[in-house]
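# Fold and geometry: a report
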Amino acid sequence: MSASEQASSLFQNYARYPISLVKGQGSWLWDDKGNKYLDFMCGIAVTNLGHAPKKVTEKLKAQLDELWHVSNLFHIPNQEKAASLLTANSCADAVFFCNSGAEANEAAIKLARRYHQKVKGTGRFEIITFHQSFHGRTLATLTATGQDKVKDGFLPLPAGFKSVPLHDLDALKAAIGPDTAAIMIEMVLAEGGVLVVQPDFLKAVKALCEQHGLLLIVDEIQTGMGRTGKLFAYEHYGIEPDIFTLAKGIASGFPAGAMLGKGYLKDAFTPGSHGSTFGGTPIATAAMIATIETILEDQLPQRAADMGEYLIQQLNEKVAVHPFVNEVRGLGLLIGIECKEPVNDIVLEGQKRGLLFVTAGPNVIRLLPNLYISKEEIDQAVSMIAELIHDHTAVNKA
Ligand SMILES: *Cc1c(COP(=O)(O)O)cnc(C)c1O
């Protein structure tokens, strides 16, 4: 532990980078020393509209002067409006608001169990997920997560979860049993290495759900809100989930999450069955309304599709040609550069040169620019990444 970590009053559960960011505008961030950074991570897919987006800032300021918080024991007009915006633009008919991704997935797991136990009377409870998935850090959602590292030291884990390899239909079929309630999947396994789910596989998963009476839960926490070139990534696949979850980009950086479901699931959540003190407060839902309206008005999903195509094309031309790189892949503006060796040093050197991005597993560079990103900013980032990889491999050879 370094001296500054020892002096800190915080638990040291994050390996923090040695930078303090203090100001943001659009695609750019500034640290406390005045250094400027091009942001290709967006707080990990949170600030999808860039930093300090004008319409959201204005709406939040106005709401701060009106009302911050009332209990969910009362009607909250902003909540109704945010929910109807979400249902009007998705396959869902009902929304539950919470404060984070993990809580949204907890709500999804609870709804699936309760639907089977109280509405269908089947008593089913088990959720099947996939290796390399990421669903959150609460006890239930870390158990759902298909990565051992998030479970280390947290035994015993709650019962009722299984995970199988992605794209292995036989393993999935074998895992389905009389207790299975739902299958839960990300359309792009983002933390797990930016693994895009194959359309044929998802169609087969959906068919299995229909055949066995299982609910399909899609975790859109990282892929949702226009990031992948559609408002929600499931739209790429021509299927509809029974339940899907949102957080990260839903309110431009104000903490919020949502769990959305089909109308036939409404009977499962009766009054008192689930709740959250802060879920969908007037302030959080004001930020959500402004975010969703902006995404729709400015046609940001289409912009993400176009800019994502340009970014992948530029990366293929200027970065993938390097022998250090295996593959460039992704959907919209959720892009992974899979390399032959660990890339953490490249992330750190990128920060020194003024470009922020993250990893997705040890060997994958993950790029998540905001959805207004310009071609000039993309060109700048791509040439920096090409140089970073060139210099990294030159140093390693020397
Ligand atoms: C980030 C993330 C979560 C967890 O969200 P939190 O807000 O950190 O609880 C869950 N699922 C996916 C796919 C995520 O990317």
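Keep in mind it's a predicted model, so treat the numbers as computed, not measured.

What follows is about the domain arrangement of the protein. We note that the domain assignment places domain 1 (3-52 + 299-397) and domain 2 (54-297) within the protein. A separation of 26 Å is found between the C-alpha centroids of domain 1 and domain 2. In this assembly, 31 residues from domain 1 lie in contact with 31 residues from domain 2. Roughly 2,200 Å² is buried in total at the junction of domain 1 and domain 2, and carbon and sulfur atoms are behind 60% of that figure. The interface formed by domain 1 and domain 2 contains one salt bridge. Measuring nitrogen to oxygen at the nearest pair gives 3.0 Å for the salt bridge that ties Glu 191 to Arg 366. Summed over the shared surface of domain 1 and domain 2, the result is 14 residue pairs in polar contact (both at pLDDT 80 or more). Per-element tally for the side of domain 1 that touches domain 2: the top contributor is helix H10 (residues 300-318), with five residues. Grouping the constituent residues of the side of domain 1 that touches domain 2 by class yields 20 nonpolar, nine polar and two charged.

The pairing of strands in a sheet happens through backbone hydrogen bonds and is either parallel or antiparallel. Strand order in the open sheet formed by seven strands is S4-S12-S11-S10-S7-S5-S6, with mixed pairing between adjacent strands. Each edge of the open sheet carries a strand with a single partner, namely strand S4 (94-98) and strand S6 (161-164). When the angles between neighbouring strand axes are averaged without regard to direction, this sheet yields 20 degrees. In terms of strand pairing, strand S5 (residues 126-130) meets S6 through four bridges, oriented parallel. Within S6, the residue paired with Ile 128 across the bridge is Lys 162.

Our focus in this paragraph is the nonpolar core. Counting residues in each nonpolar core, the largest one holds 86 residues, and the members touching the most others are Phe 40, Ile 183, Ile 185, Ile 337 and Leu 367. The element best represented in this core is helix H9 (residues 282-297), accounting for eight residues. Mapping this core onto the domain boundaries places at least three of its residues in each of domain 1 (3-52 + 299-397) and domain 2 (54-297). Among the nonpolar cores identified, the runner-up in size contains 21 residues, and Ala 144, Ala 182, Met 184 and Ala 268 belong to it.

Rules used in this analysis
- Residues numbered from 1 in each chain as written.
- Predicted model: local features only at pLDDT ≥ 70, side-chain atom pairs only at ≥ 80, totals over all residues.
- Heavy atoms only, no water.
- Domains from an automatic or database assignment.
- Contact = heavy atoms within 4.5 Å.
- Buried area = accessible area lost by both parts, 1.4 Å probe.
- Salt bridge = Lys/Arg side-chain N within 4 Å of Asp/Glu carboxyl O.
- Polar contact = N/O pair within 3.5 Å; in protein donor to acceptor, adjacent residues only side chain to side chain.
- Helix = DSSP H or I, 4+ residues; strand = E, 2+ residues; numbered from the N terminus.
- Nonpolar A, V, L, I, M, F, W, Y, C, P; charged D, E, K, R; others polar.
- Pairing = 2+ DSSP bridges.
- Axes fitted to C-alpha atoms, helices over the stretch in contact; angles between N-to-C directions.
- Core = buried A, V, L, I, M, F, W, Y, C linked by side-chain atoms within 4.5 Å.
- Buried < 20%, exposed > 50% of the residue type's maximum accessible area, 1.4 Å probe, protein only.

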